[in-house]
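# Remarks on the overall topology
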Amino acid sequence: MKKILVTGALGQIGSEIVMSMRKTYGEDNVIASSRSKGKNDVAETGIFEIVDVTKAQQVADAVKKHKIDTIIHLAAILSATGENNPAAAWDVNMNGLYNVLEVARESQCAVCTPSSIAVFGPSTPKDNTPQNTLMRPTTMYGVTKVAGELLCDYYFQKYNVDTRGMRFPGLISNVALPGGGTTDYAVHIYYEALKNKKYTCFLEKGTYMDMMYMPDALDAIVQLMEADPSKLVDRNAFNITAMSFDPEEISAEIKKHIPAFEMDYDVNTNIQKIADSWPNSLDDTEARKQWGWNPKYDLAAMTKDMLDKLSLKLN
Ligand code: NAD
């Protein structure tokens, strides 16, 4: 049985993956960690360690103490937050990853860490974007994510560290709120639709981006982590997607369930600029071929499930 350390475990992905992996791998085999202990099921219901990933010794101590063999590295500063504080994004996303990889090398751990559609930039082909293409991102987040993919490849090629990673699109979940990303509107819209039947969108109509419902994202991490290494031609930069839509399409889907729902726009030009630099839709053929990626939720199925689950939560 694997012994897994999850960094950044109190965030949007961590809050869900820790709880679901504790069911699969056993309560004591999934150690959650973050730089401070918040009030959160993840921290309160199982083993939790304080690990600031920018402090190499804290990563090493947690790995040694719990005899970790697999690190799921989620600690990061996301796109919109990163643009407000590029120095922090560089420090956490680069030095944090470097520390995790060094500890993995020394302790022979596997590392699974998500990259992002933010690796692409304005010169990248926008539609059906290939996995290997022009990558000149214009955000600090994107810069750190491309460099991170390369660093993970390097540790695999040079030191044989079992590194794996996928490029997540915008993730939509009904559990934890997102951590300051460009696609966050696609989560907020469901909350506001249920609470106020009204949402003011910070992106323009016609802004298409790839998205994914969290249950598919959690499956992706476990599937890639468990994939047969002999089938993996690539390692750290798998395009994956489940759907692509713009604000009008998600709004129209919500209206099918809440006919009174109305959306207007108040565009945030800084975030719009980031969105405009990202693809409209990704080609995820390699993930499908190499490790069986096959998402379950499209926009209609996700919207129904989001509204069902959130209305229970908000009532
Ligand atoms: P999040 O912002 O919700 O969570 C990240 C967590 O890391 C936060 O709880 C934060 O407190 C913690 N953290 C920050 N600095 C830290 C440090 N120095 N040490 C330890 N913890 C620290 O992010 P998320 O959505 O859960 O993202 C997890 C990973 O997935 C990231 O690598 C992110 O780039 C990637 N990703 C997420 C999305 C998305 O839409 N959520 C999309 C693409 C890629």
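In what follows, the accompanying structure is described. (Residues numbered from 1 in each chain as written. Predicted model: local features only at pLDDT ≥ 70, side-chain atom pairs only at ≥ 80, totals over all residues. Heavy atoms only, no water.)

## What to know about the packing of helix H7 (residues 185–196) against helix H9 (residues 247–257)
Where H7 contacts H9, the two axes come as close as 11 Å, and the packing angle between them is 30°. Between H7 and H9, the angle is such that the two are roughly parallel. For the element pair H7 and H9, the recorded crossing hand is right-handed. Each of Tyr185, Ala186, Ile189, Tyr190 and Ala193 in H7 lies in contact with H9, whose residues at this interface are Pro247, Ile250, Ser251 and Ile254. Residues of the contact of H7 with H9, tallied by class, amount to eight nonpolar, one polar and no charged. (Axes fitted to C-alpha atoms, helices over the stretch in contact; angles between N-to-C directions. Helix = DSSP H or I, 4+ residues; strand = E, 2+ residues; numbered from the N terminus. Parallel < 35°, antiparallel > 145°, perpendicular 65-115°, else oblique. Left-handed = near helix turned anticlockwise from the far one by under 90°. Contact = heavy atoms within 4.5 Å. Nonpolar A, V, L, I, M, F, W, Y, C, P; charged D, E, K, R; others polar.)

## A closer look at the site of the ligand
Taken together, the neighbourhood of the ligand is formed by 26 residues, with Gln12, Ile13, Asp52, Tyr141 and Lys145 sitting nearest. Here a nitrogen atom of the ligand and a side-chain polar atom of Asp52 are 2.9 Å apart. Within the backbone of Leu171, a nitrogen or oxygen atom sits 3.0 Å from an oxygen atom of the ligand. Cavity membership is defined here by more than half of the atoms lying within 2 Å of grid points; on that basis the ligand lies in the largest pocket. For the shell around the ligand, the elements supplying multiple residues, two or more each, are strand S6 (115–116), helix H6 (140–159) and strand S9 (170–172). Among the residues making up the shell around the ligand, the classes are represented as 14 nonpolar, nine polar and three charged. (Near = heavy atom within 4 Å. Polar contact = N/O pair within 3.5 Å; in protein donor to acceptor, adjacent residues only side chain to side chain. 1 Å grid on protein atoms, 1.4 Å probe; cavity = no way out; pocket = protein on both sides within 12 Å on 5 of 7 lines; lining within 4 Å. Sits in = over half its atoms within 2 Å of the grid points.)

## Here's the deal with empty space enclosed by the protein
The gaps of empty space that remain are located by a probe, the size of a water molecule, rolled over the atoms. Applying the stated criterion across every chain, the model contains one cavity of 30 Å³ or more. Every residue lining the largest cavity is counted, 15 residues in all, and those nearest its centre are Leu97, Thr113, Pro114, Lys145 and Gly148. Elements with a minimum of two residues in the lining of the largest cavity: helix H5 (86–107) and H6. The element that contributes the greatest number of residues to the lining of the largest cavity is H6, accounting for five residues. When the residues that make up the lining of the largest cavity are grouped by side-chain class, the tally is five nonpolar, eight polar and two charged. (Points joined across faces, edges and corners; volume = space filled by probe spheres on them.)

## Some remarks on the pattern of salt bridges
Across all of its chains, the model carries 16 salt bridges by this definition. In this structure, Glu262 and Lys255 form a salt bridge, with 3.9 Å as the shortest nitrogen-oxygen distance. Overall, the relative accessible area of 47% leaves Glu262 in the partly exposed class. Exposure remark for Lys255: the relative accessible area of 33% places this residue in the partly exposed category. (Salt bridge = Lys/Arg side-chain N within 4 Å of Asp/Glu carboxyl O. Buried < 20%, exposed > 50% of the residue type's maximum accessible area, 1.4 Å probe, protein only.)

## With respect to the nonpolar core
Formed by 39 residues in total, the largest nonpolar core has its most connected members in Ile172, Tyr185, Tyr190, Phe245, Ile250 and Met302. Of all elements in the fold, only H6, H7, strand S10 (198–201), strand S11 (209–213), strand S13 (243–245), H9, helix H10 (269–276) and helix H12 (299–314) reach the threshold of two or more residues within this core. If you tally residues by element for this core, the top one is H7, at seven residues. No fewer than three residues from each of domain 1 (4–169 + 212–239) and domain 2 (170–211 + 244–278 + 297–314) sit in this core. Sequence-distant contacts of Ile250, defined by excluding residues within four places in its chain, comprise Tyr185, Ala186, Ile189, Tyr190, Phe245 and Leu299. Of all hydrophobic cores here, the second largest spans 34 residues; its members include Val18, Tyr25, Leu74 and Leu171. (Core = buried A, V, L, I, M, F, W, Y, C linked by side-chain atoms within 4.5 Å. Domains from an automatic or database assignment.)

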